[in-house]
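The residues making up each chain are set out below.
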Amino acid sequence: MDVISETSKAVPVLKNRNFLLLFIGSLFSAPGYYIYLIAAEWLMLTISENRVYFGMLFFAASVPRLLLLAVGGVVADRFNKRIILFIADLLRALFIAALLLFFYLDMVTVWHLIILAALFGIADAFSYPVTNSMTVKTDVSNILSKLEVNDRTQAAVYVHRNRLYQQK
């Protein structure tokens, strides 16, 4: 434990380029999602005061995310995380652009909002596991580089050789 606490002072996490890029991207992506949700809810209430549509909006956004989150985790483990995150964020941006276009042309309907919410939920099902996985991977890589080892096996050998563990 002493080695890790001493080396954590040497390389602050914000100096890790990959973590910094992920952090900055998340600063824009995560709030954008919640702004979209609030705007879609407000727009739904201005289009129709029928509360059933309002519930359908939440249902459409939540159910695809819930059903596909495990699939998104598997995809995050098997494919390039940067590409998945880029595609998911690009799709969400395109969905918002489509909504803005419908709004500008005064063509927004309840069904546009519900379908876009479902598509947003699908994109989120792939985005969140990748973001969480990348954060952990960046942290582990940071620790491995501090210990000057290449992988977790070498880190375990390093800890054992230097007796950096407590026996019960």
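Above this text you will find the structure in question.
Residues numbered from 1 in each chain as written. Predicted model: local features only at pLDDT ≥ 70, side-chain atom pairs only at ≥ 80, totals over all residues. Heavy atoms only, no water.

Colleague: What exactly am I supposed to notice about helix α3 (residues 51-78) here?
Modeller: Since one α-helical turn is 3.6 residues long, residues separated by three or four positions face the same way. When the terminal C-alpha atoms of α3 are compared, their 41 Å separation across 28 residues agrees well with the 40 Å that a helix rising 1.5 Å per residue should span. In α3, a bend of some 45 degrees at L68 exceeds every other bend along the element. Regarding α3, the residues found buried are F54, L57, A60, A61, P64, R65, G72, V75 and A76. The N-cap residue of α3 is N50: its side-chain oxygen and the backbone nitrogen of V52 are 3.0 Å apart. (Helix = DSSP H or I, 4+ residues; strand = E, 2+ residues; numbered from the N terminus. Expected span 1.5 Å × (residues − 1). Bend = angle between axes of the 7 residues up to and from the residue. Buried < 20%, exposed > 50% of the residue type's maximum accessible area, 1.4 Å probe, protein only. Polar contact = N/O pair within 3.5 Å; in protein donor to acceptor, adjacent residues only side chain to side chain.)

Colleague: Which parts of the structure should I look at to understand a nonpolar patch on the surface?
Modeller: The grouping of I83, F86, I87, L90, L91 and L94 at the surface amounts to a nonpolar patch, some 560 Å² of accessible area in total. Within the secondary structure layout, L90 lies in helix α4 (residues 81-104). (Patch = residues over 30% accessible without salt bridge, like charges linked within 9 Å, V, L, I, M, F, W, Y side chains within 5 Å. Areas by Shrake-Rupley, 256 points an atom, 1.4 Å probe, with all protein chains shown as cover. Salt bridge = Lys/Arg side-chain N within 4 Å of Asp/Glu carboxyl O.)

Colleague: What am I meant to see in unusual backbone geometry here?
Modeller: Phi is mostly negative for residues that are not glycine, and the peptide bonds are mostly trans. Phi is positive for D106, which is not a glycine, with a value near 55 degrees. Within the secondary structure layout, D106 lies in the loop between α4 and α5 (110-147).

Colleague: Help me out: how do you make sense of the packing of aromatic side chains in this one?
Modeller: For any pair of aromatic rings, geometry is given as the distance between the ring centres together with the angle between the planes. This model, assessed by the stated rule, comprises four aromatic pairs. Arranged with centres 4.0 Å apart and planes meeting at 5 degrees, the rings of Y36 and F120 form a pair that is stacked. In this pair, Y36 is assigned in helix α2 (residues 17-47) and F120 in helix α5, connecting sequence segments 84 residues apart. Accessibility assignment for this pair places Y36 and F120 in one class, buried. Ring pairing ties together the aromatic residues Y36, F95 and F120, which thus form one cluster. (Phe/Tyr/Trp six-rings, centres within 6.5 Å; stacked < 30°, edge-to-face > 60°.)

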